[in-house]
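Coordinate analysis (summary)
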Amino acid sequence: MSDIDIRITGRAGRITLTRSKALNALSYDMCMAVDAALKAWADDDAVDLVVMDAEGEKAFCAGGDIAELYQTGTSGDYDYGRRFWRDEYRMNARIFEYPKPVLSFLQGFVMGGGVGLGCHGTHRIVGDSTKIAMPEVGIGLIPDVGGTLMLALAPGRLGEYLGLTGARMTAADAIYAGFADHYVPETRWPNLISELEQTGRADLLAESAETAPAGTLAPMYDDIGRNFGGETLTDILTALDHDDSSFADATLKTLRRNAPLSMAATVELLHRLRLGNMGIRKALELEYRFTHRAMEKGDFLEGIRAQIIDKDRQPKWQYADRDVPATAVSQMLMPLATQTLQFEEENT
């Protein structure tokens, strides 16, 4: 398959994204190839660990391939998107629950589906070019691929801030927020990967790690906590409206561009996860409730039209006044009955 290179090298199962001209955007077939490889290697004694990387300097993976989702959705076919998300989420859970170390080298853009692929493993390596983000609310979706779990587990209210603004994290920011583990200068990655392949020793990463250059997220911790602690999107917007800081001004400008229904649902999802079962499967099942409905009842298709297709950057969101009724959020997050996301009993 030309978009992905899957092989065994030495002691390592190797997955390399090779679609660099498209910023290694994940297609359905790429997701399924990863899933099949992980299944095959789980019980293979020749494979001690899995190493994921990507060709190109710009991106490990800038997200899912949404062009086909748009084409099928606008023609009234919602099943393709639902199948894509369902099977991708199962692959995300497999990475999270994998019985062997999964190591990912995350250069450049790591967004959306790239987070689901690269940030659920046991060893997540970042460098100077790394920019990790969950910007889905900008296209009428929610942070998915298990992103809500990572956001819910982030310190304080960083999860709400990152999920609602889509802010990009540097290496230090990603480590601070729990999206990465080790900073290693990217010039050292090729030799390090070769050593991992030869030895099968994941502990080499900790030995190679350095302190990342200072980020911007930690200094904003108090500003974020002061403004993002509310129960609903309305509470957060009200707090920001009454805060005369430059942080609040800049944050409000960003939030005004994003889909209100998606932001409100994101806040609700993070709160539900913190109050209940914080597992990956619960997070993905809740996310799927939203994405299953995103084309038919949400703003996803309009968001893609405005940002990607027509590029007019003028989306016509539902609840454009930012007053999102609680019932609207509830309707997007209701259980799906027979369509509920299911997982294999043993994800190996």
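Above: the structure in question.
Everything quoted here is computed from the prediction, not taken from an experiment. (Residues numbered from 1 in each chain as written. Predicted model: local features only at pLDDT ≥ 70, side-chain atom pairs only at ≥ 80, totals over all residues. Heavy atoms only, no water.)

1. Considering the overall build of the chain
Going by this rule: Here a strand is any run of E in DSSP of at least two residues, a helix any run of H or I of at least four, and the numbering for each starts at the N terminus. Just to be clear, the radius of gyration here is over C-alpha atoms, and the globule rule we use is 2.2 Å times residues to the power 0.38. Whether two residues touch is decided by their heavy atoms; if any such pair falls within 4.5 Å, the residues are in contact. In this description, accessible areas are obtained by the Shrake-Rupley approach with a 1.4 Å probe, and a residue is regarded as covered only by the protein chains that are shown. Here the positive residues are Lys and Arg and the negative ones are Asp and Glu; neither His nor the chain ends is included. Every charge is mapped onto a representative atom, which is NZ of Lys, CZ of Arg, CG of Asp or CD of Glu.
Helix and strand counts for the chain stand at 16 helices and 9 strands. For 348 residues, the compact-globule formula gives about 20 Å, and the C-alpha radius of gyration of the chain, at 19 Å, lands near that figure. C-alpha atoms of the chain, sized along the principal axes, occupy 55 × 45 × 40 Å. Of the contacts made within the chain by residues no fewer than 6 positions apart, 75% connect residues no fewer than 24 positions apart. Accessible area for the chain stands at about 14,200 Å²; split by element, carbon and sulfur atoms hold 49% of it. Within the chain, one finds 35 positive and 51 negative side-chain charges whose respective centroids are separated by 3 Å.

2. So, the side chain of T291
Cut-off, in case you're wondering: The buried label applies to any residue whose accessible area, calculated with a 1.4 Å probe on protein chains only, is under 20% of its type's maximum; exposed applies above 50%, and partly exposed to all values in between. Counted as a polar contact is a pair of N or O atoms within 3.5 Å, where, for protein atoms, one must be capable of donating a hydrogen and the other of accepting one, and residues adjacent in sequence contribute only when both atoms are in side chains.
Mapped onto the elements, T291 comes out in helix α14 (residues 280-294). Judged by relative accessible area, which is 0%, T291 ranks as buried. One polar contact links T291 to Y89, side chain to side chain, over a distance of 3.2 Å.

3. Here we look at unusual backbone geometry
For K311, which is not glycine, the phi torsion reads 55° and is therefore positive. Within the secondary structure, K311 sits in the loop between α15 (300-309) and α16 (326-332). Although it is not a glycine, R322 adopts a positive phi angle of roughly 70°. Along the chain, R322 falls in the loop between α15 and α16.

4. Observations concerning the packing of helix α13 (residues 260-275) against α14
Just so we agree on the cut-off: Throughout, an axis means a line fitted to C-alpha atoms (over the contacting stretch in the case of helices), and angles, computed between N-to-C directions, take values from 0 to 180 degrees. Here the word oblique covers every angle except those under 35 degrees (roughly parallel), over 145 (roughly antiparallel) and from 65 to 115 (roughly perpendicular). In this scheme, a crossing is called left-handed if the near helix is turned counterclockwise away from the far one by less than a right angle; it is called right-handed if the turn is clockwise. Residues are sorted three ways: Asp, Glu, Lys and Arg are charged, Ala, Val, Leu, Ile, Met, Phe, Trp, Tyr, Cys and Pro are nonpolar, and all the rest, Gly among them, are polar.
Between α13 and α14, whose axes approach to 11 Å, the crossing angle comes to 155°. The angle between α13 and α14 places the two elements in the roughly antiparallel class. Seen along the crossing, α13 lies across α14 with a hand that is right-handed. On α14, the residues that touch L261, S262, A265, L269, R272 and L273 of α13 are K282, A283, L286, R289 and F290. A class-by-class count of the residues in the contact of α13 with α14 yields 7 nonpolar, 1 polar and 3 charged.

5. Points about the packing of aromatic side chains
A ring pair, where both rings are aromatic, is described by two values, the distance of the centres and the angle of the planes. How we decide: We call Phe, Tyr and Trp rings a pair once their centres come within 6.5 Å, taking the six-membered ring for Trp, and we label the pair stacked below 30 degrees between planes, edge-to-face above 60, and tilted otherwise.
As enumerated under the stated definition, the model contains 7 aromatic pairs in all. A ring pair is formed by W85 and F300, whose centres lie 5.5 Å apart and whose planes are at 70°; its orientation type is edge-to-face. Of this pair, W85 sits in helix α3 (residues 79-96) while F300 is found in helix α15, placing the two residues 215 residues apart along the sequence. Comparing W85 with F300, the two get one shared label, buried. Cluster of aromatic residues (ring-pair linked, three or more members): Y28, Y80 and F84.

6. Focus: empty space enclosed by the protein
The test is simple: Of the two site types, the cavity is a set of points on a 1 Å grid over the protein atoms alone where a 1.4 Å probe fits but cannot get out, and the pocket is an open set with protein on both sides within 12 Å along at least five of seven lines, each lined by residues with an atom within 4 Å of a point. Grid points are joined across faces, edges and corners, and a volume is the space filled by probe spheres set on the points.
Applying the stated criterion across every chain yields a total of 1 cavity of 30 Å³ or more. Together, Y78, G81, R82, W85, T291, H292, M295 and E296 line the largest cavity. Counting residues per element, the lining of the largest cavity draws most heavily on α3, at 3 residues. For the lining of the largest cavity, the class distribution of residues is 3 nonpolar, 3 polar and 2 charged.

7. Section: α3
Threshold: Multiplying 1.5 Å by the helix residue count minus one yields the expected span of that helix.
The terminal C-alpha atoms of α3 lie 26 Å apart, and with 18 residues this matches the ideal 26 Å at 1.5 Å per residue to within 8%. Buried residues dominate α3, accounting for 13 of its 18 residues.

8. Let's talk about the sheet that holds strand β4 (residues 59-61)
Hydrogen bonds between backbone atoms are what pair the strands of a sheet, whose relative direction is either parallel or antiparallel. Where we set the bar: Any two strands between which DSSP finds at least two bridges are classified as paired.
Spatially, the 3 strands line up as an open sheet ordered β4-β6-β8, and their pairing is parallel. Each edge of the sheet is formed by a strand with only one pairing partner; in this case those strands are β4 and β8 (131-133). Going across the sheet, the axis of each strand differs from the next one's by a mean of 15°, ignoring polarity. Relative to strand β6 (residues 109-111), β4 runs parallel, the two sharing 2 bridges. Paired with A59 across the two strands is F109, which belongs to β6.

9. Some details on the environment of P155
One can find P155 in the loop between α5 (147-153) and α6 (158-165). On the basis of relative accessible area, P155 is assigned to the partly exposed category, the value being 28%. Each C-alpha atom, one on P155 and one on D65, is 30 Å from the other, the two residues being 90 residues apart in sequence. When residues no more than four places from it in sequence are discounted, the contact partners of P155 are Y176, A177 and Y221.

10. A closer look at the side chain of E302
Among the structural elements, E302 can be located in helix α15. Of the polar contacts made by the side chain of E302, one reaches the backbone nitrogen of K316; its length is 2.8 Å. Setting aside anything within four residues of it in sequence, one finds E302 in contact with Q314, P315 and K316.

11. With respect to the nonpolar core
As a rule of thumb, nonpolar side chains are buried together in soluble globular proteins. Definition in use: Buried Ala, Val, Leu, Ile, Met, Phe, Trp, Tyr and Cys residues that are joined via side-chain atoms within 4.5 Å together make up what is termed a nonpolar core.
Grouped together as the largest cluster of nonpolar side chains are 101 residues, with contacts concentrated most on L117, I132, F179 and F300. Take this core: its biggest share by element is 9 residues, from helix α1 (residues 28-42). When residues no more than four places from it in sequence are discounted, the contact partners of L117 are L17, L26, V34, M52, F60, M91, N92 and I95. Counting residues in hydrophobic clusters, the runner-up holds 14 residues, among them L49, L103, A202 and L205.

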